[in-house]
Amino acid sequence: MDEDASAAVDSGDGSHHHPLMLRAIAAAKKKNDRIDANKIADCLRCDFLPECYMASTEIRERRRTLRYRNLLVHQAVQLKNKISGLLMEAGVSYNKQKLHKVGYFKELLATNPDINEGLRPLLRLCRETLVRLQKTESALVRSLQRDSLLAERVQRLMTIPAVGPITALTWVLEVGDVKRFSSIKRAISYCGLCGAEKSSADTVKRTPISKQRNKHLQSVLVEAAKMAPRLSPELALIYDREKQKGNANRASLAVARKLVAYLVAIDRSQRDFLVVEKENCAAA
């Protein structure tokens, strides 16, 4: 199932429905067509049938390309790990920081006496495959950035600190129409950056972040949030404040939630981040 189909959505009257409401049909002990039809008819009569957002065909096609690019990145990481593993297995000493640099790798193959004739062709093949994957990945990202349907929106989102081309493209292609979120909280929930809150007297506990989320957006936003404090004083302040409570992961999630607020605001207003920031400063 697509991540969009698992996300809560708004119906026309503003009520809040969720596809999980229909789990009762699948979990029922008595199941036949007549009983299931009656339950579905009752849900329809009471306006309980969940609605799912469906992105346009153009967006879905480009989203497929971006997700394929993510696959290439994972395969490239696996190849890098394989190269390192083969070298360690053979007892070869090497510089971890320079290993995947073209010049260093060629020199290592040519001069290191611990690399025998059986290992050298395998390492060369791994390197060639890695280079091919990286070139294909870069070409896919460039084609998406230049796409007339996405270019203007992506460039606008990249004015936000810590939002690069991958984060912007992932947001545009996974979210589709940002207006489908009635609030920033619902956008944060869709990205899987929050957990349920349990309160008892003065004690507040949060459960782990939800697994019902768009995993592509979640992973990209968390990675962006780890870099964000270095690029934005405001985001650094949020990170430090949360980290003082003793949890670095929770601090990164707080930064990621702030990034979602920025992304939603810029996407809705269709104005650059710096312009909005100046107006806020003037108003203050």
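Before going into details, it helps to say that this report is about the structure given with it.

## Re the overall build of the protein
The helix and strand tally for the protein stands at 12 helices and four strands. The buried share of the protein, taken over its 284 residues, is 38%. Partitioning the contacts of the protein with sequence separation of at least 6, the portion at a separation of at least 24 is 59%. With an accessible surface of roughly 17,300 Å², the protein has 54% of that area assigned to carbon and sulfur atoms.

## Examining helix α5 (residues 120-146)
One turn of an α-helix holds 3.6 residues; hence residues three or four places apart share an orientation. Helix length check: α5 (27 residues) gives 39 Å between terminal C-alpha atoms against 39 Å at 1.5 Å per residue, within 8%. In this structure, the buried side of α5 is in contact with α3 (57-89), α4 (102-111) and α7 (165-175).

## Details of the packing of helix α9 (residues 215-231) against helix α10 (residues 233-243)
Two numbers describe a pair of packed helices, the interaxial angle and the distance between the axes. Contact geometry for α9 and α10: axes closest at 6 Å, N-to-C directions at 115°. Two packed elements cross with a definite hand, and for α9 against α10 that hand is left-handed. Contact with α9, carried on its side by Ala-228, Pro-229 and Leu-231, involves Pro-233, Leu-235, Ala-236 and Tyr-239 of α10 and no other residues of that element. The residue inventory of the contact of α9 with α10, partitioned by class, reads seven nonpolar, no polar and no charged.

## Some details on the packing of α3 against α7
Following both chains from N to C, one finds α3 and α7 inclined at 140°, their axes separated by 9 Å at the closest point. Considered as vectors, α3 and α7 are oriented oblique to each other. By crossing handedness, the relation of α3 to α7 is classed as left-handed. Only Ile-166, Leu-169, Thr-170, Leu-173 and Glu-174 of α7 make contact with α3, whose side of the interface consists of Ile-59, Arg-62, Arg-63, Leu-66, Arg-67 and Arg-69.

## Considering the pattern of salt bridges
Throughout the structure, instances matching the rule amount to 11 salt bridges. The shortest N-O distance in the salt bridge between Glu-174 and Arg-63 comes to 4.0 Å. With Glu-174 in helix α7 and Arg-63 in helix α3, this residue pair connects regions lying 111 residues apart in the sequence. Summarising the burial analysis for this pair, Glu-174 and Arg-63 share the class buried.

## Describing the nonpolar core
Core analysis: the biggest nonpolar cluster contains 44 residues, and Leu-150, Leu-157, Ile-160, Trp-171, Leu-193, Leu-259 and Val-260 have the highest contact counts within it. Going through the elements one at a time, α3, α5, α6 (151-157), α7, α8 (184-190), α9, α10 and α11 (248-269) are the ones with two or more residues in this core. If you tally residues by element for this core, the top one is α11, at 11 residues. Other than its neighbours up to four places away in sequence, Val-260 contacts Trp-171, Ala-187, Ile-188, Cys-191, Leu-193 and Leu-221. Counting 19 residues, the second largest nonpolar core, distinct from the first, contains Ala-76, Ile-83, Phe-105 and Leu-130.

Definitions and limits used
- Residues numbered from 1 in each chain as written.
- Predicted model: local features only at pLDDT ≥ 70, side-chain atom pairs only at ≥ 80, totals over all residues.
- Heavy atoms only, no water.
- Helix = DSSP H or I, 4+ residues; strand = E, 2+ residues; numbered from the N terminus.
- Buried < 20%, exposed > 50% of the residue type's maximum accessible area, 1.4 Å probe, protein only.
- Contact = heavy atoms within 4.5 Å.
- Areas by Shrake-Rupley, 256 points an atom, 1.4 Å probe, with all protein chains shown as cover.
- Expected span 1.5 Å × (residues − 1).
- Axes fitted to C-alpha atoms, helices over the stretch in contact; angles between N-to-C directions.
- Left-handed = near helix turned anticlockwise from the far one by under 90°.
- Nonpolar A, V, L, I, M, F, W, Y, C, P; charged D, E, K, R; others polar.
- Parallel < 35°, antiparallel > 145°, perpendicular 65-115°, else oblique.
- Salt bridge = Lys/Arg side-chain N within 4 Å of Asp/Glu carboxyl O.
- Core = buried A, V, L, I, M, F, W, Y, C linked by side-chain atoms within 4.5 Å.

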